[in-house]
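In case you want the letters, here they are:
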Protein chains: 2
Amino acid sequence: MNWKIEEKTFDVENIASEGSRFLNGNGYLGIRGAMEEYDKSQLVAINLAGIYDQVPGKWREPLNAPNGLYTFITIDGKKYALPEALPKEHEVCLDYRNGIFSRKTIFETEKGKVTIQSEHFASMENVHLIALSYKISLDFQADVEITTGIDGNVWDINGPHYETEDFQMLEGRIELVAVIQENHHQVCVMEDLSTDFHARTLIFQGKDQMLRKISFESEARKIYKIEKVITVYTSNDCNDFLRISRSTCNKEKEKGFEIIKNEHIKVWESLWEKSQIIIDSEDNAMELLNYSIYHLHCIAPRHSKSMSIPARGLSGQTYKGAVFWDTEMFMLDFYLYTEPDIARTIIKYRIDTLTGAKQKAEEYGYQGAFYAWESQEGGFDACSDYNVTDVFTMRPMRTFFRDKQVHISAAVVYGIAQYLTVTDDISILEEGGIETILECALFYESLLLKKVLSNRYEIHDVIGPDEYHERVNNNGYTNRMAKFTFEKAMEVIEKLDSLSESTIERVNKNYNIRKLKEQFHKSLENLYIPQPDKQGIIEQFDGYHKLEDVTVEIVKSRLLHEKEYWGGAYGVASHTKIIKQADVVTWLNLFPDDFDKEVMIKNWNYYEPRTEHGSSLSACMYAMLACKCGMKEKAYPFFIKSAGADYYGGGKEWAGLIYIGGTHPAAAGGAYMTAIKGFAGIYVEEDKIKANPQLPKEWKSMEFQVCHQGTWYKININGDNASVMEQPDMSEK
Amino acid sequence: MNWKIEEKTFDVENIASEGSRFLNGNGYLGIRGAMEEYDKSQLVAINLAGIYDQVPGKWREPLNAPNGLYTFITIDGKKYALPEALPKEHEVCLDYRNGIFSRKTIFETEKGKVTIQSEHFASMENVHLIALSYKISLDFQADVEITTGIDGNVWDINGPHYETEDFQMLEGRIELVAVIQENHHQVCVMEDLSTDFHARTLIFQGKDQMLRKISFESEARKIYKIEKVITVYTSNDCNDFLRISRSTCNKEKEKGFEIIKNEHIKVWESLWEKSQIIIDSEDNAMELLNYSIYHLHCIAPRHSKSMSIPARGLSGQTYKGAVFWDTEMFMLDFYLYTEPDIARTIIKYRIDTLTGAKQKAEEYGYQGAFYAWESQEGGFDACSDYNVTDVFTMRPMRTFFRDKQVHISAAVVYGIAQYLTVTDDISILEEGGIETILECALFYESLLLKKVLSNRYEIHDVIGPDEYHERVNNNGYTNRMAKFTFEKAMEVIEKLDSLSESTIERVNKNYNIRKLKEQFHKSLENLYIPQPDKQGIIEQFDGYHKLEDVTVEIVKSRLLHEKEYWGGAYGVASHTKIIKQADVVTWLNLFPDDFDKEVMIKNWNYYEPRTEHGSSLSACMYAMLACKCGMKEKAYPFFIKSAGADYYGGGKEWAGLIYIGGTHPAAAGGAYMTAIKGFAGIYVEEDKIKANPQLPKEWKSMEFQVCHQGTWYKININGDNASVMEQPDMSEK
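Since the structure is predicted, the reported quantities are computational estimates derived from the model, not experimental observations.

A. Region of the structure containing the overall build of chain A. When helices and strands are counted, chain A shows 20 helices and 30 strands. Since a compact globule built from 733 residues should have a radius of gyration of about 27 Å, the 27 Å found for chain A is in line with a globular shape. The principal-axis extent of the C-alpha atoms belonging to chain A is close to 90 × 60 × 55 Å. Here chain A, with 733 residues, has 55% of them falling under the buried criterion. Restricting to contacts in chain A with at least 6 residues of sequence separation, those with at least 24 account for 67%.

Here's what the structure looks like:
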């Protein structure tokens, strides 16, 4: 295990997917794995967390910062840059232990070889900092020009976002202040440079670039190195971002690349100390899993107290850079067990966007809080009513993710509940968690319908996790999550008296708690939860069993266009039993005590062959439920699929004509959960972590640490034996 | 006014539409307006009422009988038949006073002219009989061959339906017994012939034809005439159809064409005596209206006590020959006022198909009676879940006409209520009408939903008359019709004691009447009926006002394919305010006392520009409501459109890739209602007919008769003056 992924060939076809596979980031920004000479045609992006812009008539999406890494070379007047110039040799490496991207490329010229070697990274020590080391050597003498600066002509899916880009050269720095369209917020990128050789430098300014042209006559076999520091700030960070950028730039340039790099590595090391999972196995499971964890570290919002994580991390503008249920349901556990402060930041984001969720509920005529399906800052729902393009007519298709995928609010409550269970930090309730839970329960309350001739409460016209079946009634998962929400609301009402005076007063001022308790109790009692039929199968929604029962292969064979959407009103899956992703299985995984093991096994066996696994959220749910059913052999391929989602790539890149490529942090989080809860089998007994392992046959041993209610535990598994040791030293760190 | 429509040119393009325009029929069968030499390529059809067949995997549809009119000529060995041989002169005429189709065609040959003149009709005296007179004359000498017999190779949309066709020649008759696929019912067609000249006759039998070849040497300018009688029976009519066919054939051949024709004309005359509407106007309104009435006569099921009328009459297999709400809501009035026995037959059909409606309700998990959207015999719902083909993918589109257009059951109740109002014949209640009404009310009862946090009852997930907006909540029309159904159910419960002992006993045995009364009362009180907003506009369904507000022209300009469906999930109209047909306007027309005139006018003015009028059911609703609002000028063009639907043709012939051509009896019935209730303004006061006319400015006077509660009234309108006279003589007829 060398904690590296490498690619030793160059193929234009892989540029987009390598952007995600070799991603580097620090939670503030994500740098797609791209060569320094790439521009927007190669999907370069320095994707920024939590700042968005909307161009009129287009989708609202996060910003990509102007690219301060932009660098290419010219030898005797001829440009050598991928992908136009093909290399003789080419290596890309991501050192994911230390969070460093590097590349080595050898071009063959008429006179001889030219070698470029570079390293860059998003500093984990200072999230506003990117450092680059760029070396060039030739085995012949030549006129060399290194062009480097800031490329403001960024890749956008729904851009361009920068209304103006003002460049200046000041005290040797290139400074750029770019102003975005929607609210005139500013993005400030600066870069400064040092060289270890003498050269002439000219400054070139184009419409959206400011570049240095560093030219010199090279000696054969001498290595010429430049070091760059790049800073990225936005007007969201602070008011005096110009001053801070400049001083950071100066200070970091002073330090030099090696010191910056060492500081960066040190932070990474401290992260791994708590989060690495050591596996002795006959396959590469340890690499897949820690590579997944790497991605979760790259996108953790450490710089904020209230921020969440987009579904595609910081790998670009896919899915509008928006926060989905993925974060609470798939990623949260990792942070809870390894870095609970991040978990708190994620939960706090939802609490702080309660106002947006209440507005959305009101917009649709509901009460309470209807969280955004695609949440941006302030809880703004970026989800369009037309989220997919019809490949046959090129028309936008009316989709119902925004208005019918009502299980999102329950995911928020689930996140808070998980946070409370693992951290025991009830301050989150004091800080608005209690209102968040009550408002989500009120939302479901206002969704409840009853047939006039019946007493049971139903939820109609929703989309469950399986998005291929729209506007269904009584989706089991949704109803169960609504029930969970009522349960949690009842619990926090019970717990209210144990909270602070001011919280009790605030809550009682705003809610008629006794009435709510009665209401929620009644809803709990009457809410219809679909039950297993005679065969033990839970019908995913009313009428699912009447749909055509065909195989995924048959459904696939009916496609007329490779990119056509399987769902919607007329998709190939819509009128069949083929589902996109775990739905009933997600329910059973979250609530394994609802039914006995036999029912869980039957439903796993029933739904798995009917699941396309068209979402990266699917595999881990099947893996985890299989573990709960004692079917570790069935779980293992789904674990590998989930852990390898980004390592191997190859996920869906299109939904209709919409690009959905990028990293899959939910799959990474799902793999993590499967490993520690499924295979290692950790659980809580008398407030302490225990383990009941069932390692896959490929694995000999496993070692990792988790934090539970402030105490760190080291778990060692060897075959069927587990040891769980408290780590009092770590808890103080 | 000469009671004729004529066409004096020949154009291949018009063959399909002329089939409908020149239709002739007698309620048992409809003969499309076709030349005798036409075969299925020219959409010949002798369409049979109430007998259906289904070929596996295809739509169930009514039968077209083998064509006993099939006849063509050969001159000196060369065939002269439209459309292959183009005519020198050509005239087609439908005498709709007398129900006779005739044609005259002159072919130019190398030697001179050949003239064919023919007349045929479906006998109104004996509905199993078709008579043909066929004359040929040449202005030169030649070898002539007349080929005539039965063509069993019929036009089908979803055929072929005949599994076997057994021909025989017996006593000079050609006899055919054809057996259909689904249930082996039989169709028996016989033809016999007489000539007034000497000729050789050879019999030719092909796979699905038996033909006589009558050959002779013609003299110049002599007219050669053949007369044919054709009988059509099915095994549904009687067991000994063979014997009866033969004796009918013999008897009618004996009579000869002229006598048969006179008997036929006499029946037509008796129909016109009661139903004609005399209009003195500056335009052709009288022709349009009586031509519409002609079509209503052609399809009236006089031969049955329990049968209804398909949406496209007897003009072919369009819409599966099924009965829609068209019959009760648009056609019934005409029969009620001119031939109440037919109205009773139509109502009785629904009562007799109650079992089918109850089964359908059960199939969807509802109580009571959910009538078929496309009703065939026994109430079988022929409506497919995939009623439209996507023009872009050629895939069937999931449509919701069958399962969501729940207003159909209320239409049945509306029909019964109208029947009771106009005829006062409560025997219809005794014969099952009461159960029909109660079961329909039970159906709506089981549809009612209430939000748990609200007390009002709602109806969700329906399609209203405007089919372009699927799966909507609280469609005003639907909710209002459900309310009407509850009202009628309450009324018949009140009336129960006045019915016969046996009815009272039967109803009490099957229903807990007291409980039903309580239930229906509660539903009536709580059912939500959308109300006018501040602008006086009633929102067609929840959320309609949030849809894009564009013009019909803009929506049309977005079409990518001329035949694409405007509705469905992604149709050009679906997410706009553009509606297919009158919806709120239909409601206001049926219940003009719900709101004041100002509200009706506002809604007329609001919805009319947003209506595509893509259904022939739309125009008359706008016409009638305009009359109720005193806007006769606005009403008139819609009246003309409705009355001229078949006279002028040009209606929609395609829904997606499905052929929907044929006649439009609902438009005909709508024109009738507009004329007598709108312009003549008849109404009931103290159980007698009165009139409060508002003739269009184009009209000087108007004269017609109606039957109300067994009494005939003659209404004469002259400008603003109306006289209404009872006609005691007629009532005895």
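That shown, we press on.
B. Main features of the domain arrangement of chain A. All names here are of chain A. Each assigned domain of chain A is listed with its residue range as follows: domain 1 (4-274), domain 2 (276-679) and domain 3 (680-733). Of the residues lining the interface, 31 residues belong to domain 1; the matching set on domain 2 comes to 31 residues. Those elements that place two or more of their residues in the side of domain 1 that touches domain 2 are α1 (15-21), β2 (24-25), β3 (29-31), β4 (46-53), β5 (61-65) and α3 (257-275). For the side of domain 1 that touches domain 2, a count of residues per class yields 15 nonpolar, ten polar and six charged.

C. Expanded view of the sheet that holds strand β6 (residues 71-75) of chain A. Residues and elements named next belong to chain A. With respect to topology, five strands assemble into an open sheet ordered β7-β6-β12-β17-β16, the strand pairing being antiparallel. The open sheet has two free edges, formed respectively by β7 (78-80) and β16 (200-205), since each of these has just one partner strand. The sheet shows a mean angle of 25 degrees between the axes of neighbouring strands, direction not considered. Two strands pair when backbone bridges link them, and β6 and strand β12 (residues 142-151) are joined in this way by five bridges, in the antiparallel orientation. What sits directly across from T74, in β12, is E145.

D. Broad picture of helix α3 (residues 257-275) of chain B. All names here are of chain B. Between its first and last C-alpha, α3 extends 27 Å over 19 residues, near the 27 Å set by a 1.5 Å rise per residue. Listed as buried for α3 are F257, I260, K261, H264, W268, L271 and S275. For α3, the arc enclosing every buried residue in end-on projection is 95 degrees, short of the 170-degree limit, so these residues lie on one face. In this structure, α3 carries E258, I259, N262, K266, S270 and E273 as exposed residues pointing more than 90 degrees from its buried face. Along its buried surface, α3 packs onto β10 (113-122), β11 (129-138), β18 (223-234), α2 (241-255), α4 (285-298) and α5 (326-338).

E. Representation of the pairing of strand β13 (residues 162-170) of chain A in the model. Residues and elements named next belong to chain A. In terms of strand pairing, β13 meets strand β14 (residues 173-180) through eight bridges, oriented antiparallel. Across the sheet, residue Y162 finds its bridge partner in β14, namely I180. Linking β13 to β14, which pair antiparallel, is a turn of two residues; within it E171 sits at a positive phi near 50 degrees.

F. Structural context of unusual backbone geometry. Look at the link from L82 of chain A to P83 of chain A: it is a cis peptide, with omega at -5 degrees. Its location among the elements puts P83 of chain A in the loop between β7 and β8 (89-95). The amide bond that connects G159 of chain A to the next residue, P160 of chain A, takes the cis arrangement and shows omega of 0 degrees. Within the secondary structure, P160 of chain A is located in the loop between β12 and β13. Of note in the backbone geometry, E171 of chain A takes a positive phi value of approximately 50 degrees without being a glycine. The topology assignment puts E171 of chain A in the loop between β13 and β14. E171 of chain A gets classed as exposed once you count the C-beta atoms within 10 Å, which come to 9. Although it is not a glycine, N474 of chain B sits at a positive phi angle of roughly 50 degrees.

G. Inspection of the interface of chain A and chain B at higher detail. In this assembly, 24 residues from chain A lie in contact with 24 residues from chain B. Put simply, the parts of the chain that give the side of chain A that touches chain B at least two residues each are α10 (427-447) and β22 (449-451) of chain A. A per-element tally of the side of chain A that touches chain B places β22 of chain A first, with three residues. Partitioning the side of chain A that touches chain B into residue classes produces ten nonpolar, six polar and eight charged. Judged from the three bridges that link them, β22 of chain A and strand β22 (residues 449-451) of chain B form a sheet pairing that is antiparallel. Across the sheet, the residue bridging to K450 of chain A is K450 of chain B, located in β22 of chain B.

H. Geometry of the sheet that holds β13 of chain A. All names here are of chain A. Reading across the sheet, the nine strands line up as β1-β8-β9-β10-β11-β18-β15-β14-β13 and stay open at both edges, with antiparallel pairing between neighbours. The open sheet has two free edges, formed respectively by β1 (4-7) and β13, since each of these has just one partner strand. On average, each strand axis in the sheet is inclined to that of its neighbour by 15 degrees, with strand direction left out of account. Judged from the eight bridges that link them, strand β9 (residues 100-108) and strand β10 (residues 113-122) form a sheet pairing that is antiparallel. Each bridged residue has a counterpart across the sheet, and for F107 the counterpart in β10 is V114.

I. How the structure looks around the relation of the copies chain A and chain B. With an RMSD of 0.0 Å, chain A superimposes on chain B once it is rotated by 180 degrees and translated 0.1 Å along the axis. Between the two chains, the operation in question is that of a two-fold axis. Rotation axis and chain A: the residue whose C-alpha lies nearest the axis is K450 of chain A, separated from it by 2.7 Å. Mapped onto chain B, 100% of the interface residues of chain A again fall at the interface, so both copies present the same surface.

What counts, and at which threshold
- Residues numbered from 1 in each chain as written.
- Chains lettered and ligands numbered in written order.
- Predicted model: local features only at pLDDT ≥ 70, side-chain atom pairs only at ≥ 80, totals over all residues.
- Helix = DSSP H or I, 4+ residues; strand = E, 2+ residues; numbered from the N terminus.
- Rg over C-alpha atoms; globule rule 2.2 N^0.38 Å.
- Buried ≥ 20, exposed ≤ 12 C-beta atoms within 10 Å, placed from the backbone.
- Contact = placed C-beta atoms within 7 Å.
- Domains from an automatic or database assignment.
- Nonpolar A, V, L, I, M, F, W, Y, C, P; charged D, E, K, R; others polar.
- Pairing = 2+ DSSP bridges.
- Axes fitted to C-alpha atoms, helices over the stretch in contact; angles between N-to-C directions.
- Expected span 1.5 Å × (residues − 1).
- Arc of directions from axis to C-beta.
- Least-squares fit on C-alpha atoms with pLDDT ≥ 70 in both.

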